[in-house]
Amino acid sequence: MSLIQELKRRNVFRVGIAYAVGAWVLLQLTDVIGEILELPPWGGKLILLIIAIGFPITLFAAWAFELTPDGIKRENEVDRSQSITPQTGKKLNAAILVLMALAIGYLLIDKFYLAKLTATQETVVVEQSISEPSQEIAEPAINKQSIAVLPFDNRSRLEEDEFFVEGVHDDLLTNLARIGGLKVISRTSVLRYKDTETPIPAIARELGVATVMEGAVQRSGNTVRINVQLIDAQTDEHLWAEIFDRDLTADNLFAIQTEISEKIATALKATLSPEEQERISDRPTENLAAYNAFLRGRQRQAERTSESLQQAMIEYERAVELDPGYAMAWVGVAEASMLLSQYSTLKPAEAFEQMETAATRALALNDQLGEAHLSLAMVLEQYDQDSEAELAFQKAIEFSPGYATAYQWYANFLNDFPGRLREALDVSGKARELDPLSSIIHLNHVEKLQALGRFQEAEAELNRLLELDPGFPGAYSVMSGLMKETGRFDEEVLWLQRSIDRDPGRIFLYLDLAIALLNLGDIEALAEVRSIMEALDDQHISLGIVDAITKTYEQNYVAALESANWVAKQMGPATFVHGFIGFINIMNGDYVKARDSLEIVEPRYWDRTSWRSAIEKDAGLGCNIAITMLHTGDEEMARDLLRSIITYLETELPNYVDDVDRFNYIGCYAAAGDYEKALDVFDVQVDHGHIDFWWTYTKFPAYEPLQGNPRWEAGMATIRERIARQRENLALIRTRTRL
């Protein structure tokens, strides 16, 4: 008997045909059921692989075995005269016919019913898109060269290794941020997904990225294992994965980070410039203990409380002691110094001296560090060296184009220039794009809206932030500032108290609270706040500022100047305090001393060729300077300056911001002798609630010609009535709270 005849006799051909038809039907069912069950994209491929492997196995079984009345037996064990293969063949023929009928039926339904239904649905969608274009909302395009690196898993499960794992993750993000062709989501935002069960595609949608990286770190004795995998967020498929097993040395850790950065750039088709290649290949330190101290400092700094920042400074100082050539650790010292001046009782002059020293040291070690240029920019800004500061901010962004904090702080710098507020908002938007879930960056963005006069939008954004992060103290303090901006001093006090409850060691919050209470005329409560501040630090500048403002309120100008001059000494090279000293001297009628102080703040006002840049920075200060000129022999210059400032305020500033009246240029019109315009501005200020420091209106010499005018007196009466109601409201709330 030939081989073909034997294959037919053993039903091998029939089994093969039945298997093939049945497999085709199974694959069609998988395609339909897979969508319902939401099978992963590789599910269909797995089933096809199983079918392909099963086909030769099935043919071999049909050849080697035979179905008998007594069950399945090996073919060579069956007596040919007792074989039932003809009957089995008939059953297989019937099975093939049934399967083919199912297949043909599916094809007919797919061709004549499902295709028609699909076409009809597509037509309806197209018609709806044509007839209702306004309802079509296009999703923003996702940058294909964007990535979110999720927090790494600590495979050792040892708590003491957690800082190390978080630090390696943070360092990798820092390295990736140096690649200009990549959009890298910052650490603050990705931390929200630590230990999350949220699917990768959902995370990518929330963060606005095309790819996501997962990873794990295991430290064991003198070795470390780091495994990472890059995932396409749209398909949930792996683009690249690798495991790194190395000896635990600083050089090996940095080499791994460089290799990962390079492979991510390659996978996302981001071109590395020679300078970027050099920056991501940098080996910051060879001292593992210094590196560990630096990592601990970064983790504590991220907590942003007075206590955690002090611990961060200890770790950074340990790092630079272990390795004085560790540039990034010097950056840590600089950043912690600045933050401690805001969150603790560290004196600003001391903080910025430390910051300047550390930033300069870092740049001397590595002038390609964007973070070091950023620290230097903050020092230069504090010293009112605006041009140099802006260049340093731009250098920071050039060397670390994916560093969200660089855009955040640059936007804060731009926020001091009314004509550049929209630019500040745009730069802040870039920071939000890189760190979309960061509370502090969200908060700074709100401050840009507030500066633009978009108060309702700012308040709505703040309420949204408070829903997302109710424990964030900064959101409460900025909300208090919004209340102050719109004259709701009672609400300002309540929001400040909430912020203090969440961060009681931040002394500057008490300064804001003291000013709010002074606006309400609550001197008794103000004294209580001062006692708390004195207990925190009886030598802090905020205490001197409170005393200077309180004494000005009481018209004790000698004591006010004594306190203000003490603050100026504590501030060192910073000049803005001299603006307040000049204001107190004007209130005291001493225009010569006022002029001396104001020349320190803004010498450009005494040079006509520099007026433009000075006015753009602070037109309100220019009004006070013009007033001192009027009383110190420069009347013609004063009149010219007033005209220049008023022209800017009337014709240019409204193009940049809403509610221009909040800049309080009543004094400019009054000094220029245009009392009607001064009263117009005053009326709008009262109506809008822009009445911070309203109690100076009755004491400021330039306003004397307005006093007694019915419009002026009516406005002042409205303010006093409003303040009285707010005090009553605050007292009622306090009573209910005590109950």
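In what follows, the structure referred to is the one given above.
Every value quoted in this text rests on a predicted model; they were computed, and no experiment measured them.

1. What to know about the state of the cysteines
Next, step 1: Counted according to the given criterion, the structure contains 1 disulfide.
Next, step 2: Between the sulfur atoms of Cys623 and its disulfide mate Cys668 the distance is 1.7 Å. In this structure the cystine formed by Cys623 and Cys668 twists about its S-S bond by roughly -95°; its chirality is therefore left-handed. With Cys623 in helix α29 (residues 619-630) and Cys668 in helix α32 (residues 666-671), this pair connects stretches of sequence that are 45 residues apart.

2. Structural notes on a nonpolar patch on the surface
Next, step 1: Together, Leu49, Ile53 and Ile57 line one region of the surface with nonpolar side chains, adding up to about 300 Å² of accessible area.
Next, step 2: Relative to the helices and strands, Ile57 resides in helix α3 (residues 43-64).

3. Regarding the pairing of strand β8 (residues 237-247)
Next, step 1: Where strand β7 (residues 223-232) meets β8, 10 bridges bridge the pair, whose relative direction is antiparallel. When the sheet's bridge partners are listed, Ile226 is paired in β8 with Phe244.
Next, step 2: Taking the residues that link successive antiparallel strands as the turn, the β7-β8 hairpin has 4 residues, and the phi of Asp236 there is positive, at about 65°.

4. Some words on the packing of helix α26 (residues 576-587) against helix α27 (residues 591-601)
Next, step 1: Between α26 and α27, whose axes approach to 8 Å, the crossing angle comes to 165°. In terms of orientation, α26 and α27 fall into the roughly antiparallel class. Note that α26 runs across α27; the crossing there is left-handed. Every residue of α27 that contacts α26 at His578, Gly579, Ile581, Gly582, Asn585 and Ile586 is listed here: Tyr591, Lys593, Ala594, Ser597, Leu598, Ile600 and Val601.
Next, step 2: Taken together, the residues of the contact of α26 with α27 sort by class into 7 nonpolar, 5 polar and 1 charged.

5. Notes on the packing of aromatic side chains
Next, step 1: Counted under the stated rule, the structure contains 18 aromatic pairs.
Next, step 2: Their ring planes at 40° and their centres at 5.8 Å tell us that Tyr476 and Trp495 sit as a pair that is tilted. Within this pair, whereas Tyr476 is found in helix α20 (residues 473-485), its partner Trp495 is found in helix α21 (residues 489-502), the two being separated by 19 residues in sequence.
Next, step 3: Tyr476 gets classed as buried once you look at its relative accessible area, which sits at 6%.
Next, step 4: Owing to a relative accessible area of 15%, Trp495 belongs among the buried residues under this scheme.
Next, step 5: Residues Tyr697 and Trp712 carry aromatic rings whose centres are separated by 6.1 Å and whose planes lie at 45° to one another, so their mutual orientation is tilted.

6. Quick notes on the pattern of salt bridges
Next, step 1: Per the counting criterion, the structure on display carries 37 salt bridges.
Next, step 2: When the shortest N-O distance is used, the salt bridge between Arg420 and Glu390 registers 2.8 Å. Of this pair, Arg420 sits in the loop between α16 (404-414) and α17 (421-434) while Glu390 sits in helix α15 (residues 386-399), and the two are 30 residues apart along the sequence.
Next, step 3: The exposure class of Arg420 is partly exposed, given its relative accessible area of 24%.

7. Looking at helix α23 (residues 523-536)
Next, step 1: With 14 residues, α23 should cover 20 Å at 1.5 Å per step; its first-to-last C-alpha distance of 20 Å lies within 8% of that length.
Next, step 2: Three or more residues of α23 are buried, namely Ala525, Leu526, Val529 and Met533. End-on view of α23: buried residues confined to an arc of 100°, all on one side of the axis. For α23, the exposed residues set more than 90 degrees away from the buried face come down to Glu524, Glu528 and Ala535.

8. Remarks on the environment of Leu380
Next, step 1: With respect to the helices, strands and loops of the structure, Leu380 is situated in helix α14 (residues 370-382).
Next, step 2: The sequence separation of Leu380 and Ala574 amounts to 194 residues, and the corresponding C-alpha distance is 9.7 Å.

9. Some details on α27
Next, step 1: Inspection of α27 places Tyr591, Ala594, Arg595, Ser597, Leu598 and Val601 among the buried residues, and these make up the whole buried set.
Next, step 2: Residues of α27 that are buried make contact with α26 and α29.

10. Observations regarding the nonpolar core
Next, step 1: Counting residues in hydrophobic clusters, the biggest one holds 109 residues, and the most contacted among them are Leu641, Trp694 and Ile719.
Next, step 2: When residues of this core are assigned to their parent elements, the largest contribution, 10 residues, is made by helix α22 (residues 507-519).
Next, step 3: For Leu641, the contacting residues outside a window of four places in its chain are Tyr605, Trp611, Ile615, Gly622, Ile625, Ala626 and Met629.
Next, step 4: Of all hydrophobic cores here, the second largest spans 105 residues; its members include Trp240, Ile260, Ala329 and Leu340.

Thresholds applied
- Residues numbered from 1 in each chain as written.
- Predicted model: local features only at pLDDT ≥ 70, side-chain atom pairs only at ≥ 80, totals over all residues.
- Heavy atoms only, no water.
- Disulfide = S-S within 2.5 Å.
- Helix = DSSP H or I, 4+ residues; strand = E, 2+ residues; numbered from the N terminus.
- Patch = residues over 30% accessible without salt bridge, like charges linked within 9 Å, V, L, I, M, F, W, Y side chains within 5 Å.
- Areas by Shrake-Rupley, 256 points an atom, 1.4 Å probe, with all protein chains shown as cover.
- Salt bridge = Lys/Arg side-chain N within 4 Å of Asp/Glu carboxyl O.
- Pairing = 2+ DSSP bridges.
- Axes fitted to C-alpha atoms, helices over the stretch in contact; angles between N-to-C directions.
- Parallel < 35°, antiparallel > 145°, perpendicular 65-115°, else oblique.
- Left-handed = near helix turned anticlockwise from the far one by under 90°.
- Contact = heavy atoms within 4.5 Å.
- Nonpolar A, V, L, I, M, F, W, Y, C, P; charged D, E, K, R; others polar.
- Phe/Tyr/Trp six-rings, centres within 6.5 Å; stacked < 30°, edge-to-face > 60°.
- Buried < 20%, exposed > 50% of the residue type's maximum accessible area, 1.4 Å probe, protein only.
- Expected span 1.5 Å × (residues − 1).
- Arc of directions from axis to C-beta.
- Core = buried A, V, L, I, M, F, W, Y, C linked by side-chain atoms within 4.5 Å.

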